[in-house]
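Letter by letter, the chains look like this.
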Amino acid sequence: MTRPAWAPRAVDLDRPSAARVYDYYLGGSHNFAVDREMAQRAVADWPELPGIMRSNRAFLRRAVRWCGEQGIDQFLDVGSGIPTVGNVHEVARATDPAARVVYVDVDPVAVAHSLALLDGDPLTGVVQADLCDVEGVLGDPVTTELLDLDRPVALLVVALLHFVGDDRRPDEVLARYRDQLAPGSVLVLSHASADDAGEHADGHVALYRRTATPMSMRSHAQVLRFFDGFTLVEPGLVPLPLWRPDGPVDGAGAAVPGYAGVGRRD
């Protein structure tokens, strides 16, 4: 296919990307034919997928708003993805116009678009790095310029860890972040799970093996371990729509195969 002007030269147009597939689910335009083909195959097998992705994004917005209400004005969004409506800085600044946000992603398309979107915004920054490179993320000049790690920070790891296999020891990675964050910092996390996915889970995992970021769905108990060293705030680790919803959630709406939670570092 012809390379779009917005696509960095290093991007492989022939291999789907989890970030670009997610962008497609959310109604974005920064995806390629190969991403749309994969997403459409997934939706054919699991029609609820776009709704699940929107539910995850809604959790992110609610959690960021809650953080702002607690007085947290610094956000480190790791695995931030391709910019879309309702970005972290937009939500955070509805509570505090001086909120600072650092977006981190390993995907070059996500980084390129974040840089374009945030150009000229002195209170936001973009870092291209992998979640597991803790020192690289926290020590990057963009991070150190914008965030004061001696004060509470909201570490956002939303819809990311299911793309980090156990061989990369994600629990130890999060512990390294935790140990460098000030007391009062919070971990905002969501994660896909096969607990309520029924027969769809295996096929969905198989589809993501085509990408550079295969998927590892985890159980409630496995996701809960990521909060070691953090105290979960109410209502705990719950299905995505049930974390402090803005309104009533019916039984069908709550049956989303993923968990969400926020934990505070004491």
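Cut-off values and rules
- Residues numbered from 1 in each chain as written.
- Predicted model: local features only at pLDDT ≥ 70, side-chain atom pairs only at ≥ 80, totals over all residues.
- Heavy atoms only, no water.
- Helix = DSSP H or I, 4+ residues; strand = E, 2+ residues; numbered from the N terminus.
- Contact = heavy atoms within 4.5 Å.
- Areas by Shrake-Rupley, 256 points an atom, 1.4 Å probe, with all protein chains shown as cover.
- Salt bridge = Lys/Arg side-chain N within 4 Å of Asp/Glu carboxyl O.
- Buried < 20%, exposed > 50% of the residue type's maximum accessible area, 1.4 Å probe, protein only.
- Core = buried A, V, L, I, M, F, W, Y, C linked by side-chain atoms within 4.5 Å.
- Phe/Tyr/Trp six-rings, centres within 6.5 Å; stacked < 30°, edge-to-face > 60°.

Helix and strand counts for the protein come out as eleven helices and eight strands. When contacts within the protein are restricted to residue pairs at least 6 apart in sequence, those whose partners lie at least 24 apart make up 71%. For the protein, the computed accessible surface area is about 11,500 Å², with 50% contributed by carbon and sulfur atoms.

Pairing between side chains of opposite charge can happen when their charged atoms approach one another. Inspection of the entire model under this criterion finds ten salt bridges. Residues Asp246 and Arg65 are paired through a salt bridge, measuring 2.6 Å at the closest nitrogen-oxygen approach. You can see Asp246 sitting in the loop between strand S7 (238-239) and helix H11 (251-254) and its partner Arg65 sitting in helix H3 (residues 49-69), a full 181 residues away along the chain. The class of Arg65 is partly exposed, set by a relative accessible area of 31%. For Arg178, the salt bridge goes to Asp179, with nearest N and O atoms at 3.1 Å. With a relative accessible area of 17%, Arg178 lands in the buried category. Look at the salt bridges and you will find they share partners, linking Asp73, Asp148 and Arg151 into a network.

Right, let's get into the environment of Val238. Within the secondary structure, Val238 sits in strand S7. Spatially, the C-alpha atoms of Val238 and Gly261 are 6.6 Å apart, while their sequence positions differ by 23 residues. Those residues in contact with Val238, other than ones at most four positions away along the chain, are Trp243, Gly258, Tyr259 and Ala260.

Turning next to the nonpolar core. With 39 residues, the main nonpolar core has Phe59, Phe75, Leu156, Val188, Trp243 and Val262 as its most contacted residues. Not counting residues within four places of it along the chain, the set of residues in contact with Leu156 comprises Leu60, Val64, Phe75, Leu76, Asp77, Val78, Val88 and Val188. In terms of nonpolar packing, the next biggest core, distinct from the first, is built from 31 residues, Leu131, Val137, Val164 and Val223 among them.

With that settled, consider the packing of aromatic side chains. For the structure on display, the rule yields two aromatic pairs. Ring centres of Phe59 and Trp243 lie 5.6 Å apart, and the angle between their planes is 85°; this geometry places the pair in the edge-to-face category. Of the two residues, Phe59 is situated in helix H3 and Trp243 in the loop between S7 and H11; the sequence distance between them amounts to 184 residues. Overall, the relative accessible area of 0% leaves Trp243 in the buried class. Ring centres of Trp66 and Trp243 lie 6.2 Å apart, and the angle between their planes is 85°; this geometry places the pair in the edge-to-face category. Note that Trp66 is positioned in helix H3 and Trp243 in the loop between S7 and H11, a separation of 177 residues in sequence. The class of Trp66 is buried, set by a relative accessible area of 7%.

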